[in-house]
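Architecture at a glance
Each chain is listed here by its residues.
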Amino acid sequence: MLPIVLASASPRRKELLEQIGLDFIVFPADVDERLRWENPIQGVQELACRKARSVVHQFRKDVWILGADTVVVHRGKVMGKPADRREALAMLSRLQGDTHSVYTGVCAIKKEEKNIQESSFVEETKVSIYPMEMWEMEEYTDTLEPMDKAGAYGIQGGFAKYVRCIQGDYNNVVGLPISRIYQEVLKFM
């Protein structure tokens, strides 16, 4: 199998790939990550592809490049990573007691000699959150866990106690739908 390159600095994506036993290297993409599309599904897929494409030409050898990006969308509004504590609390206030979608765009590029094949997709998972009191949101925000996560929460951390249910791939919410990626990669083999 070709070497795999993860075009992301996300420690969660790294952990997910390690979880399924893949050998890979991390080579973070250097691209502007702000979404500029009205359609978050299109935007997150395009951003994943921009990440993968920006890295593929850095390698002379044959490789697999994997780019990904995740966004939280609540009632049509994209919620990225909070800039500060106040913004994290505002995001949690909107999400609590309601259901939102987590979209992860993935782009896989297979480079063999001069032949480049690309496949991309978007995975959606719906997440329902229990109602939360302000003190609960403040306590969670004080852990600093929300500060580097889209939507101001990490489902795999302390926020798990507020998740009522999910519909879809749990790992997608963490940051990478690894089972879908595996199925997509099989198509190239």
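In case you missed it, the structure is sitting above this.
One structure accompanies this document, and this report is about it. Bear in mind the structure is a predicted one, so any value in this text is a computation, not a measurement. (Residues numbered from 1 in each chain as written. Predicted model: local features only at pLDDT ≥ 70, side-chain atom pairs only at ≥ 80, totals over all residues. Heavy atoms only, no water.)

We now examine the overall build of the protein. For the protein, the helix and strand inventory stands at six helices and seven strands. When its helices and strands are written in sequence order, the protein yields β-α-β-α-β-β-α-β-β-α-β-α-α. In terms of overall dimensions, the protein is globule-like: its C-alpha atoms have a radius of gyration of 17 Å, near the 16 Å expected for 189 residues. The C-alpha extent of the protein, read off along each of the three principal axes, is 55 × 30 × 25 Å. Across the protein, every contact between residues at least 6 apart in sequence was considered, and the portion connecting residues at least 24 apart equals 67%. (Helix = DSSP H or I, 4+ residues; strand = E, 2+ residues; numbered from the N terminus. Rg over C-alpha atoms; globule rule 2.2 N^0.38 Å. Contact = heavy atoms within 4.5 Å.)

Below, the discussion takes up the pattern of salt bridges. The tally for this structure, following the rule as stated, stands at 11 salt bridges. Between D69 and K51 there is a salt bridge, with its nearest N and O atoms 3.0 Å apart. Within this pair, whereas D69 is found in strand 3 (residues 63-74), its partner K51 is found in helix 2 (residues 40-56), the two being separated by 18 residues in sequence. This pair shows no difference in class: D69 is buried, exactly as K51 is. (Salt bridge = Lys/Arg side-chain N within 4 Å of Asp/Glu carboxyl O. Buried < 20%, exposed > 50% of the residue type's maximum accessible area, 1.4 Å probe, protein only.)

As a further point, take the packing of aromatic side chains. As enumerated under the stated definition, the model contains four aromatic pairs in all. Ring centres of F27 and F59 lie 5.2 Å apart, and the angle between their planes is 70°; on these two criteria the pair is classed as edge-to-face. Here F59 lies in the loop between helix 2 and strand 3 and F27 lies in the loop between strand 2 (24-26) and helix 2, a separation of 32 residues in the sequence. Since its relative accessible area comes to 11%, F59 is described here as buried. (Phe/Tyr/Trp six-rings, centres within 6.5 Å; stacked < 30°, edge-to-face > 60°.)

Another point: helix 2. For helix 2, with 17 residues, the first-to-last C-alpha span of 24 Å sits near the 24 Å given by 1.5 Å per residue. Against strand 1 (4-6), helix 1 (11-19), strand 3, strand 4 (77-79), strand 5 (99-112) and strand 6 (115-129) lie the buried residues of helix 2. The N-terminus of helix 2 is capped by N39, whose side-chain oxygen sits 2.8 Å from the backbone nitrogen of I41. (Expected span 1.5 Å × (residues − 1). Polar contact = N/O pair within 3.5 Å; in protein donor to acceptor, adjacent residues only side chain to side chain.)

Two elements in contact, helix 3 (residues 85-95) and helix 4 (residues 134-142), have axes whose closest approach is 10 Å; the angle formed by their N-to-C orientations is 135°. Viewed along their axes, helix 3 and helix 4 adopt a mutual orientation that is oblique. In the crossing of helix 3 with helix 4, the sense of the turn from one axis to the other is right-handed. Here R85, A88, L89, L92 and S93 of helix 3 come into contact with helix 4, specifically with M134, M137, E138, Y140, T141 and D142. (Axes fitted to C-alpha atoms, helices over the stretch in contact; angles between N-to-C directions. Parallel < 35°, antiparallel > 145°, perpendicular 65-115°, else oblique. Left-handed = near helix turned anticlockwise from the far one by under 90°.)

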